[in-house]
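# Inside the fold
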Amino acid sequence: MSKTLFKSVLLQSAGSKPCRRDVLIEGNRYSKIAESVPLECCQGAEVVDGKNFALMPAFYNGHTHAAMTLLRGYADDMELSKWLNQYIWPFEAKLTADDIEIGSRLAILEMIKSGTVFFSDMYWHRERTMNVVEEMGIRASIGVTISDTLMTPEGLKKSFDFLKNHVGESERVKLVLMPHSVYAVSLPCLENCVAAARDDNCLMHIHLSETAKEVQDCKAQYGCTPVELMQRIGALDENLVAAHCVHFTDADMELFAQAGSKAILNPCSNLKLGSGIPPIAKFMEKKIPLGLGTDGDSSNNNLDMHEDMKFAALLAKVQGGVECLPAHDALKMATENVATAYGLNAGRIEEGWLADGLLVRLDNERMAPCHDLISNWVYAADSRAIDSVICNGKFVMRGGHVDGEAEIVEAASACAHRLANVNN
Ligand SMILES: [Zn+2]
């Protein structure tokens, strides 16, 4: 990839007929979008010929566990609690900070290559993942992950202090408080999280009502659903971004809608773990803000937002009729809605918005013929149609190539094989 030293980029004539446009990126924003942007207005800009490309919004992955790339294919075809307790958590116990850096690097490579420029990450050794995000040029909301059943009291204190001091935050990397779930965090610890998030006015992200068992166990322990429990402790507000949200009752949906909380759905992971199908059509009826995420590579088994977008669109039609979640809205769920949930002015190709985007090849066999660009992109194409990825005004992939990709894949494969053989 050529390392651009240009401060601005002029993308000429991108799109499909009849709406080709010139797009000027200055700094990290889209500064001018018009039928024609004269070259004199863009002195010193790198000029990119866009005639073979459509400029599409990039994807924003609302829920994942990046370094779990190392566990891809390690344990499949079993239900969540067996999968977690017998395979995933014992494997994760062996992971060092170095391993997590290697796994995160593979995840970010995978995300860039499939058009994703942001991810929300709930995992461990957050500093190492933050460094890789900075290095590879994309954005992330990095979790200060909390679980008093999986962490020591010292580890918990360190995490709360980390959040309070905003350690390592930057233009592209922000911290989000992430209690794991109502089953892996005690009630007093959840209450501490609510207080810490409120003091800091930061977002809180949690796995919520992912499986029927989680809801049953919560009812047995607390006499209410996980959503009702969140309401009871004051966690249900516009700063809550919840993942999964598969087993919501009608009353849960009412509470969620009234609070202005956001749901990040992970249909591929839910289907693969047999956890259920998120009630997309019902959420839409209640006008609950919906975004999409992939979940981790060990339950999806990839980080390709395009797949979750298409699954969401198809599942919604089975639930709510064929007119439910048209292509344009499905694309929004995978782009702008996630960016908005995480406080980013991004996910649209519009003047003043953050300059993130994808150059999608119009000569890709799945993009032709082009009766409807968005329809092709959502229903027909896959990530092979992505030529280049722009994040924060800079190319992070060009011509399908990311710097150092062969080494990243090799290092992650070697690391995962070594871990799989430790103590086995
Ligand atoms: Zn998850």
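An account of the accompanying structure is given in this report. (Residues numbered from 1 in each chain as written. Predicted model: local features only at pLDDT ≥ 70, side-chain atom pairs only at ≥ 80, totals over all residues.)

### A word on the overall build of the chain
Definition in use: Under the DSSP-based scheme used, a helix requires at least four consecutive residues in state H or I and a strand at least two consecutive residues in state E, with every element numbered from the N terminus. Computation of the radius of gyration draws on C-alpha atoms, with the globule rule given as 2.2 Å multiplied by the number of residues to the power 0.38. Field definition: a residue is buried when 20 or more other C-beta atoms are found within 10 Å of its C-beta, exposed when 12 or fewer are, and partly exposed for counts in between, with C-beta atoms placed from the backbone. Contact between two residues is assigned when their C-beta atoms, built from the backbone, lie within 7 Å.
The helix and strand tally for the chain stands at 15 helices and 16 strands. In terms of overall dimensions, the chain is globule-like: its C-alpha atoms have a radius of gyration of 21 Å, near the 22 Å expected for 424 residues. Along the first, second and third principal axes, the C-alpha atoms of the chain reach 65 × 45 × 40 Å. For the chain, with 424 residues in total, the buried portion stands at 51%. Taking contacts inside the chain between residues at least 6 apart in sequence as the whole, the part at least 24 apart equals 72%.

### Considerations on the nonpolar core
Let me state the cut-off plainly: By convention the nonpolar core is taken to be a set of buried residues drawn from Ala, Val, Leu, Ile, Met, Phe, Trp, Tyr and Cys and joined through C-beta atoms within 7 Å.
Residues Ile108, Ile112, Ile138, Leu177, Met309, Ala312 and Val389 are the most contacted members of the largest nonpolar core, which totals 129 residues. Here this core takes 8 residues from helix α2 (residues 97-113), the largest share from any one element.

### Overview of the sheet that holds strand β1 (residues 8-14)
Put simply, the test is: Strands are treated as partners if at least two bridges between them are detected by DSSP. Angular values range over 0 to 180 degrees, each being the angle between N-to-C directions of two axes fitted as lines to C-alpha atoms, with helices fitted over their stretch in contact.
With respect to topology, 4 strands assemble into an open sheet ordered β3-β2-β1-β4, the strand pairing being mixed. One side of each edge strand has no neighbouring strand; the edge strands of this open sheet are β3 (29-34) and β4 (46-49). On average, each strand axis in the sheet is tilted by 20° relative to the strand beside it, whichever way the strands run. Taken together, the 5 bridges between β1 and strand β2 (residues 21-26) define a ladder with antiparallel strand orientation. Bridge assignment links Leu10 to a residue of β2, and that residue is Leu24.

### Concerning the sheet that holds strand β5 (residues 53-56)
Strands sit in the order β5-β14-β15-β16 across an open sheet of 4 strands; the sheet is antiparallel. Only two strands of the sheet have a single partner each, and these edge strands are β5 and β16 (394-397). With strand direction ignored, the average angle separating the axes of adjacent strands in the sheet is 30°. Pairing analysis gives 4 bridges linking strand β14 (residues 357-361) to strand β15 (residues 386-391), with the strands arranged antiparallel. Within the sheet, the bridge partner assigned to Leu358 lies in β15 and is Val389.

### Quick look at helix α14 (residues 373-380)
Listing the buried residues of α14 in full gives Asn376, Trp377 and Val378. Check the buried side of α14 and you find it contacts β5, α11 (305-320), α12 (327-334) and β14.

### Section: the environment of Lys394
Within the secondary structure, Lys394 is located in strand β16. Separated by 345 residues in the primary sequence, Lys394 and Asp49 have C-alpha atoms spaced 16 Å apart.

### Details of the packing of α2 against helix α15 (residues 405-421)
As a reminder, the rule being used: If an angle is under 35 degrees, it is roughly parallel; if it is over 145, roughly antiparallel; if it lies from 65 to 115, roughly perpendicular; otherwise it is oblique. Helix crossings fall into two classes, left-handed where the near helix is turned counterclockwise from the far one by less than a right angle and right-handed where it is turned clockwise. In this classification, Asp, Glu, Lys and Arg are treated as charged, Ala, Val, Leu, Ile, Met, Phe, Trp, Tyr, Cys and Pro as nonpolar, and every other residue, Gly included, as polar.
At their nearest, the axes of α2 and α15 sit 9 Å apart, and the two run at 135° to each other. By the angle between their directions, the pair α2 and α15 is classed as oblique. Like other packed secondary-structure pairs, α2 and α15 cross with a definite hand, here left-handed. Each of Asp99, Ile102, Gly103, Arg105, Leu106 and Leu109 in α2 lies in contact with α15, whose residues at this interface are Glu405, Ile408, Val409, Ala411, Ala412, Cys415 and Leu419. Taken together, the residues of the contact of α2 with α15 sort by class into 9 nonpolar, 1 polar and 3 charged.

### A closer look at helix α1 (residues 80-92)
Our working definition: What a helix should span is 1.5 Å times the count of its residues minus one. Bend, at a single residue, is the angle you get between axes fitted to the 7 residues ending at that residue and the 7 residues starting at it.
An ideal rise of 1.5 Å per residue puts 18 Å on 13 residues; α1 reaches only 15 Å between its terminal C-alpha atoms. Along α1, the largest kink reaches about 25° and is centred on Gln86; proline Pro90 follows within four residues of it.

### Observations concerning the pairing of strand β10 (residues 204-208)
Counting buried positions along β10 yields 5 of 5 residues, so the element is predominantly enclosed. Burial along β10 is two-sided: the residues Met204, Ile206 and Leu208 and His205 and His207 are all buried. When β10 meets strand β11 (residues 240-244), the two strands line up parallel, connected through 5 bridges. Pairing of His205 across the sheet is with Val241, part of β11.

### Focus: the environment of Asn192
With respect to the helices and strands, the residue Asn192 is situated in helix α5 (residues 187-200). We classify Asn192 as partly exposed; it has 18 C-beta atoms within 10 Å. With 220 residues separating them in the primary sequence, Asn192 and Ala412 have C-alpha atoms 36 Å apart.

### A look at the packing of α12 against α14
Their axes nearest at 9 Å, the elements α12 and α14 cross at an angle of 65°. At the point where α12 passes α14, the crossing takes the left-handed sense. Counted together, Ala327, His328, Ala330 and Leu331 of α12 and Ile374, Ser375, Trp377, Val378 and Tyr379 of α14 form the full contact between these two elements.

### Re the pairing of β11
To be explicit about the condition: When the strands point away from the viewer, a crossover counts as right-handed if the path from the first strand over the helix to the second runs clockwise.
Among the 5 residues that make up β11, 5 are buried, leaving the element largely enclosed by the rest of the structure. Where β11 and strand β12 (residues 262-265) come together, 3 bridges link them in parallel fashion. In the strand pairing of β12, Ala243 is matched with Ile264. Since β11 and β12 lie parallel, the crossover through helix α8 (residues 250-259) that links them has a hand, and here it is right-handed.

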